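# Structure assessment
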Amino acid sequence: MSLPPESREEAIKRLTESASDLEARTARQISHEAAGQAAAGQAWKILADLFGGVFVGLAIGFGIDRFAGTTPWGVIGGVLLGFAVSVWMAWRTAQRLMAEAKQHGEPQSVPFDDDEDQGV
C-alpha cells in the first residue's frame, strides 16, 4: 500500500514540527545533564573546602610544633582551627548556592532513569 501523496508544503510543515519536537526534547535533556554536572561540581568544591581546611591547619600546626617545640599542641590547635575555617567556608558556599537557587525558582524534576530499576 502506498501512502497518499502530500503536497510539498504539508511535507515541509510535518518535518518542521518533527524537528522542533526533537530539538525541544534534546534541549531539556541537556539542561538536566548540565544542572546535574554543576551540582556535582559544587558538591566536590564543598568537600575540597572541608578536607583542605583540615589539612592546611594540620600543616600549619606541624610547622609551629617543629619550630616552637610545642608538640602536640600546635598540631591539635591547627587541626581544630583548620576544621573551624573549613566548616565556615562550606557553610558560606552552601548559603551562596541556596541564594542562587532561590533566584532561579523551583527546580525541575529530573527524568526517571529506567536502568536503575533493572539492577544493572
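In case you missed it, the structure is sitting above this.
Described below are features of the structure shown in this document. (Residues numbered from 1 in each chain as written. Predicted model: local features only at pLDDT ≥ 70, side-chain atom pairs only at ≥ 80, totals over all residues. Heavy atoms only, no water.)

## Section: the overall build of the protein chain
Tallying secondary structure elements over the protein chain gives two helices and zero strands in all. By the burial criterion, 11% of the 120 residues in the protein chain qualify as buried. Taking the contacts inside the protein chain whose residues are at least 6 apart along the sequence as the reference set, 62% of them involve residues at least 24 apart. Of the roughly 10200 Å² that the protein chain leaves accessible, carbon and sulfur atoms contribute 65%. (Helix = DSSP H or I, 4+ residues; strand = E, 2+ residues; numbered from the N terminus. Buried < 20%, exposed > 50% of the residue type's maximum accessible area, 1.4 Å probe, protein only. Contact = heavy atoms within 4.5 Å. Areas by Shrake-Rupley, 256 points an atom, 1.4 Å probe, with all protein chains shown as cover.)

## Comments concerning unusual backbone geometry
The linkage connecting T71 with the following residue, P72, adopts the cis geometry, with an omega of -5 degrees. Structurally, the position occupied by P72 is in the loop between α1 (8-68) and α2 (73-104).

## Side note on the packing of aromatic side chains
Scanning the model with the defined rule gives one aromatic pair in all. Ring plane angle 15 degrees and centroid distance 6.3 Å describe the contact between F51 and F55, whose orientation is recorded as stacked. Of this pair, F51 and F55 both sit in helix α1, four residues apart, which is roughly one turn of the helix. (Phe/Tyr/Trp six-rings, centres within 6.5 Å; stacked < 30°, edge-to-face > 60°.)

## Here we look at the pattern of salt bridges
Applying the stated criterion across every chain yields a total of two salt bridges. A salt bridge links K45 to D49; the nearest nitrogen and oxygen atoms lie 3.3 Å apart. Taken as a pair, K45 and D49 lie in helix α1 at a separation of four residues, close to a single helical turn. Note on K45: relative accessible area 36%, which makes it partly exposed. (Salt bridge = Lys/Arg side-chain N within 4 Å of Asp/Glu carboxyl O.)

Geometry only, nothing functional implied.
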